[in-house]
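Fold and contact review
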Amino acid sequence: MSSQELAVFLRRRREELRPEDVPAEGTLPPGRRARRTPGLRREEIAALAQVSVSYYERLEQARAPRPSAQVLVALATALQLTEAERDHLARLAGQALPAENGGAPEHVPEGAQQLLGKLDGIPAYIVNERQDIVAWNAAAAALITDFSRLTPDERNVTRMSTRFRDTLCTGAPGSESDFSQQTAAQLRAAGARHPADNVLAQLINEFATHDPDFASSWRNHAVRPMPSVRKSLRHPTLGELEIDRYILSLPGSGFSLVMYTAEAGSPSAAALKSL
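Turning our eyes to something else, we now look at the overall build of the protein. Summing up its helical and strand segments, the protein has twelve helices and six strands in all. Counting all 275 residues of the protein, 47% fall into the buried class. Long-range contacts, defined as pairs at least 24 residues apart, comprise 58% of the intrachain contacts of the protein with a sequence gap of at least 6. Surface summary for the protein: the accessible area is close to 14,200 Å², and the carbon and sulfur share equals 51%.

Put into structure tokens, the structure is as follows:
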């Protein structure tokens, strides 16, 4: 990762904070001028992290040496980063080793396959870090599409959402933006773990070109996970369905389990049972 990536990430997170977000025990330097730009000022983050203003300014200008682990902890606390963002910050600063292999894992753990089969009546599939669908159950195929008829390149969550947007899947109000933000966060984190994965880099460029919401989230360096989003599916036989899409990370495997459920007692829940 380049120092430019680190600089952009720091700036984006700083711009998200407001003075009122700083805890009471935090100390901000006295304001000397009206705020003309969003977020905290550089000198304010420097004060909270107890680093020099000039050093922090050079970090955001991609001109400073890589920060030490101690400085990273201080910056993460000052910027109020989530656990996922702290991990991403460390990787951008070269404090965490990338995954040993250059790309996404290939073999789905046996336990994950067994879990997928036990989700009777719950549409579910497993994705790798590129968001390729690598395993699925019968309910998922009945709800979404017959994945076996697709090529491996076509069995990608984001590619499919674009392909079926006008025929099978449409987004509930706001959900397409949430879905794109969710995908951008997942691929941003995956890119930090697999900097040598050229296929992943090509996917990111492809999605950023065709999905404005993805491109916006990518530019904003979104890495906060969104474990669930609500979508509206237009199924050819079941009609309109209001579905909640949940993502569960499978620790240590590089895979995630994606499940589709509906609110208990709703028409959509009844329709899912028919699958």
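Having seen the model, we can carry on.
This brings us to unusual backbone geometry. With glycine set apart, most residues show a phi of negative sign, and most peptide bonds adopt trans. Residues other than glycine seldom take positive phi values, yet Ala62 does so here, at roughly 60°. Tracing the chain through its elements places Ala62 in the loop between helix H3 (53–60) and helix H4 (69–78). If you check the backbone angles, Gln80 has positive phi at about 55° while not being a glycine. What makes Gln80 partly exposed here is its relative accessible area of 33%.

A word on the side chain of Thr183. Checked against the element boundaries, Thr183 lands in helix H9 (residues 175–193). Those residues in contact with Thr183, other than ones at most four positions away along the chain, are Gln131, Thr158 and Phe214.

As a further point, take the packing of aromatic side chains. Aromatic ring pairs are defined here through the distance separating the ring centres and the angle between the ring planes. Using the criterion set out here, one finds five aromatic pairs in the structure. A ring pair is formed by Tyr125 and Tyr260, whose centres lie 6.0 Å apart and whose planes are at 50°; its orientation type is tilted. Highlighted residues: Tyr125 in strand E1 (residues 124–127) and Tyr260 in strand E6 (residues 255–261), separated in sequence by 135 residues. What makes Tyr125 buried here is its relative accessible area of 2%. The buried category is assigned to Tyr260, whose relative accessible area is 7%. A ring pair is formed by Phe214 and Trp218, whose centres lie 6.0 Å apart and whose planes are at 10°; its orientation type is stacked. Of the two residues, Phe214 and Trp218 both sit in helix H11 (residues 212–219), four residues apart, roughly one turn of that helix. Of the residues examined, Phe214 reaches a relative accessible area of 1% and is grouped as buried. Joined through ring pairs, the aromatic side chains of Tyr125, Trp136, Phe147 and Tyr260 make up one cluster.

As paired strands, E1 and strand E2 (residues 133–136) are joined by three bridges and run antiparallel to one another. Opposite Ile126, over in E2, you have Ala135 as the bridge partner. The turn joining E1 and E2, which pair antiparallel and follow one another in sequence, is formed by five residues; a positive phi near 70° is taken by Gln131.

For the rest of this paragraph, the subject is the packing of helix H2 (residues 42–49) against H3. In the contact formed by H2 and H3, the axes pass within 9 Å of each other and the chain directions differ by 115°. Viewed along their axes, H2 and H3 form a crossing whose handedness is right-handed. Along the contact surface, H2 presents Arg42, Glu43, Ile45 and Ala46, while H3 presents Val53, Tyr56, Glu57 and Glu60. Here the contact of H2 with H3 is built from residues that sort into four nonpolar, no polar and four charged.

Quick look at the environment of Asp244 now. Along the chain, the position of Asp244 falls in strand E5 (residues 239–250). A relative accessible area of 12% means that Asp244 is categorised as buried. Taking the C-alpha atoms as reference, Asp244 lies 6.2 Å from Lys231; in sequence the two are 13 residues apart. Here Asp244 is in contact with Val229, Arg230, Met259, Tyr260 and Thr261, once residues within four sequence places are set aside.

What follows is about helix H1 (residues 3–16). With 14 residues, H1 extends 20 Å from end C-alpha to end C-alpha; this agrees with the ideal 20 Å at 1.5 Å per step. Within the sequence span of H1, burial applies to Leu6, Ala7, Val8, Phe9, Leu10, Arg13 and Arg14. Of the surrounding elements, those touching the buried residues of H1 are H2, H3, helix H5 (83–92) and H11.

Procedures and definitions
- Residues numbered from 1 in each chain as written.
- Predicted model: local features only at pLDDT ≥ 70, side-chain atom pairs only at ≥ 80, totals over all residues.
- Heavy atoms only, no water.
- Helix = DSSP H or I, 4+ residues; strand = E, 2+ residues; numbered from the N terminus.
- Buried < 20%, exposed > 50% of the residue type's maximum accessible area, 1.4 Å probe, protein only.
- Contact = heavy atoms within 4.5 Å.
- Areas by Shrake-Rupley, 256 points an atom, 1.4 Å probe, with all protein chains shown as cover.
- Phe/Tyr/Trp six-rings, centres within 6.5 Å; stacked < 30°, edge-to-face > 60°.
- Pairing = 2+ DSSP bridges.
- Axes fitted to C-alpha atoms, helices over the stretch in contact; angles between N-to-C directions.
- Left-handed = near helix turned anticlockwise from the far one by under 90°.
- Nonpolar A, V, L, I, M, F, W, Y, C, P; charged D, E, K, R; others polar.
- Expected span 1.5 Å × (residues − 1).

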